[in-house]
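Single-letter residue listing:
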Amino acid sequence: MLKLEQVSKVYKGGKKAVNSIDLDIAKGEFICFIGPSGCGKTTTMKMINRLIEPSSGKIFIDGENIMEQDPVELRRKIGYVIQQIGLFPHMTIQQNISLVPKLLKWPEEKRKERASELLKLVDMGPEYLDRYPHELSGGQQQRIGVLRALAAEPPLILMDEPFGALDPITRDSLQEEFKKLQRTLNKTIVFVTHDMDEAIKLADRIVILKAGEIVQVGTPDEILRNPANEFVEEFIGKERLIQTRPEIERVEQMMNRMPVTVTADKTLSQAIQLMREKRVDSLLVVDEQNVLKGYVDVEIIDQNRKKASVVGEVYRSDMYTVQKGALLRDTVRKILKQGMKYVPVVDEEHHLAGIVTRASLVDIVYDSIWGEENQLMTI
Ligand SMILES: Nc1ncnc2c1ncn2[C@@H]1O[C@H](COP(=O)(O)OP(=O)(O)OP(=O)(O)O)[C@@H](O)[C@H]1O
Ligand SMILES: [Mg+2]
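The structure reproduced in this document is the subject of the present report.

Parameters at a glance
Residues numbered from 1 in each chain as written. Chains lettered and ligands numbered in written order. Predicted model: local features only at pLDDT ≥ 70, side-chain atom pairs only at ≥ 80, totals over all residues. Heavy atoms only, no water. Near = heavy atom within 4 Å. Polar contact = N/O pair within 3.5 Å; in protein donor to acceptor, adjacent residues only side chain to side chain. Areas by Shrake-Rupley, 256 points an atom, 1.4 Å probe, with all protein chains shown as cover. Helix = DSSP H or I, 4+ residues; strand = E, 2+ residues; numbered from the N terminus. Pairing = 2+ DSSP bridges. Axes fitted to C-alpha atoms, helices over the stretch in contact; angles between N-to-C directions. Contact = heavy atoms within 4.5 Å. 1 Å grid on protein atoms, 1.4 Å probe; cavity = no way out; pocket = protein on both sides within 12 Å on 5 of 7 lines; lining within 4 Å. Points joined across faces, edges and corners; volume = space filled by probe spheres on them. Nonpolar A, V, L, I, M, F, W, Y, C, P; charged D, E, K, R; others polar. Parallel < 35°, antiparallel > 145°, perpendicular 65-115°, else oblique. Left-handed = near helix turned anticlockwise from the far one by under 90°. Expected span 1.5 Å × (residues − 1). Buried < 20%, exposed > 50% of the residue type's maximum accessible area, 1.4 Å probe, protein only.

Some remarks on the site of ligand 1
- Close to ligand 1 lie 13 residues; K15, S37, K41, T42 and T43 are nearest.
- Between ligand 1 and S37, the relevant distance is 2.4 Å, taken from an oxygen atom to a side-chain nitrogen or oxygen of the residue.
- Notes on ligand 1: free accessible area 640 Å², of which the protein chains cover 64%.
- Considering every element that reaches the shell around ligand 1, the biggest residue donor is helix α1 (residues 41–48), with three residues.

Dropping the structure here:
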């Protein structure tokens, strides 16, 4: 689908920002570019949609040399999320999202519908449609930047550190949403990141760049197992590479299938009683169909003892979950990074399937290289 042949870029002044890059990207692939600041990631992206012209080499999309296409038309077919968000301040959110659909002359009704549908993807309601960028938080603006790239359903999307400015929780949910989206829509995505965890989680293949050159290309597993050289090793090591027993790959293979649960209609004292019996300090709240709603813990109950009587009034719904089929490796990272004691495991319909606890990870994390700053690691 996308092919780079001996692509180089020399900026004025003679600096070689990109040096003879060869890369073949298949349709539907999710490619992450990763490398230190200044290694040529943005330059490479911008050559793909001709915001920057290569000094030498060729780029093909679906077999066609992009230099032989009209650059404006080319860009309309390629979604692009720039590194600095880049919303137009004088346009509403809807106008910002619908930029390309408008250029493509979609009717107003369809544009609006598409914009609302996209907002929903990132948990933002239609009330944002008529707002202006300055009325949104930085993280929300960044989400709009991502949505804009998706709006006209381009087959190829370039994303330059699209989640960089988001808080970890939002980033995590957007990453997941995005990965799902990519699987269903079968888009080809070239994604730049500084964050190795993000690359490992999202990418089908990772391209590691250094000083304008490709150091290694491979699936996350290939790169984790066989780093090409010290540079790659350091890049991974620095990001706290975690190896788990290879035969345990998926969360469901090791989750505890009997988490302690409570329904919303139980009283706070019943909840406390249950915690005592089961020797746990937190309960997962589920409905009659065993759909996970949230959690309560001792602290929440203690704080609300006088104000509330049943679990339904006090439980928190802001909690991380992982899917049954998720890779254990990702889950381990999540738990360690967030300092969580456990993560509930759910199926596609959000039914509670089990939990993975921090303590249970002791058994599976047998060889890890910890960064100094990782004091979360107390197992
Ligand atoms: N317009 C320009 N003129 C001259 N040099 C440039 C220009 N744009 C980028 N460079 C240089 O080219 C190199 C690659 O820049 P690029 O923006 O592609 O890096 P990057 O990998 O995206 O970095 P970051 O992670 O900081 O975004 C850098 O050394 C940069 O200083
Ligand atoms: Mg950049």
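That covers the picture; the talk isn't over yet.
Quick look at the sheet that holds strand β13 (residues 282–286)
- Strands sit in the order β12-β13-β14 across an open sheet of three strands; the sheet is mixed. In the strand order of this sheet, the two ends are held by β12 (261–263) and β14 (292–297), each with one partner. Taking the axes of each pair of neighbouring strands and ignoring which way they run, one obtains an average angle of 35° across the sheet.
- Bridging between β12 and β13 involves three bridges; their strand directions are parallel. Opposite V262, over in β13, you have V285 as the bridge partner.
- Against the sheet, helix α11 (residues 268–278) contacts β12, β13 and β14, and its axis sits at roughly 125° relative to β13.

Some thoughts on empty space enclosed by the protein
- Applying the stated criterion to the full structure yields two cavities of 30 Å³ or more.
- Breaking the lining of the second largest cavity down by element, the ones donating at least two residues are α6 (138–150) and α7 (168–185).
- In terms of residue count, α7 provides more of the lining of the second largest cavity than any other element does, four residues in total.
- Residues that form the lining of the second largest cavity fall into these classes: eight nonpolar, no polar and one charged.

A short note on the packing of helix α5 (residues 108–121) against α6
- Their axes nearest at 10 Å, the elements α5 and α6 cross at an angle of 130°. By the angle between their axes, α5 is oblique relative to α6. Of the two elements, α5 crosses α6, and the hand of that crossing is right-handed. Contact residues: α5 offers R114, L118 and L119, while α6 offers I144, L147 and L150.
- Along the lines of polarity and charge, the residues of the contact of α5 with α6 split into five nonpolar, no polar and one charged.

With respect to the side chain of S282
- You can see S282 is positioned in strand β13.
- Side chain to side chain, S282 and Y342 meet in a polar contact 2.6 Å long.
- Apart from residues lying up to four places away in sequence, S282 is in contact with M275, Y295, V296, D297 and Y342.

With respect to α6
- With 13 residues, α6 should cover 18 Å at 1.5 Å per step; its first-to-last C-alpha distance of 19 Å lies within 8% of that length.
- Of all 13 residues in α6, 12 are buried, a share of seventy percent or more.
- Along α6, the residues that are buried comprise G139, Q140, Q141, Q142, R143, I144, G145, V146, L147, R148, A149 and L150.
- Among the structural elements, β6 (78–81), α3 (93–97), α4 (99–103), α5, β7 (156–160) and α7 are those in contact with the buried residues of α6.

Some thoughts on the environment of R316
- With respect to the helices and strands, R316 occurs in the loop between α13 (311–314) and β15 (322–323).
- Judged by relative accessible area, which is 32%, R316 ranks as partly exposed.
- With 280 residues separating them in the primary sequence, R316 and P36 have C-alpha atoms 39 Å apart.
- Contact partners of R316, with chain neighbours within four places excluded, come to K293, G294, Y295, I300 and Q303.

Observations regarding the environment of G40
- Tracing the chain through its elements places G40 in the loop between β3 (30–34) and α1.
- It is 42 Å that separates the C-alpha atoms of G40 and M255, two residues lying 215 residues apart in sequence.
- Not counting the four nearest positions on each side in its chain, G40 is found in contact with A17 and V18.

Quick word on the sheet that holds β15
- An order of β15-β16-β17 is seen for the three strands of this open sheet, with the pairing classed as mixed. Sheet topology places β15 and β17 (352–357) at the edges, where each strand pairs with a single neighbour.
- Looking at chain direction, strand β16 (residues 342–346) and β17 are connected through five bridges and run antiparallel. Residue pairing across strands places V345 opposite G354, the latter belonging to β17.

Read these as geometric descriptors, not functional statements.
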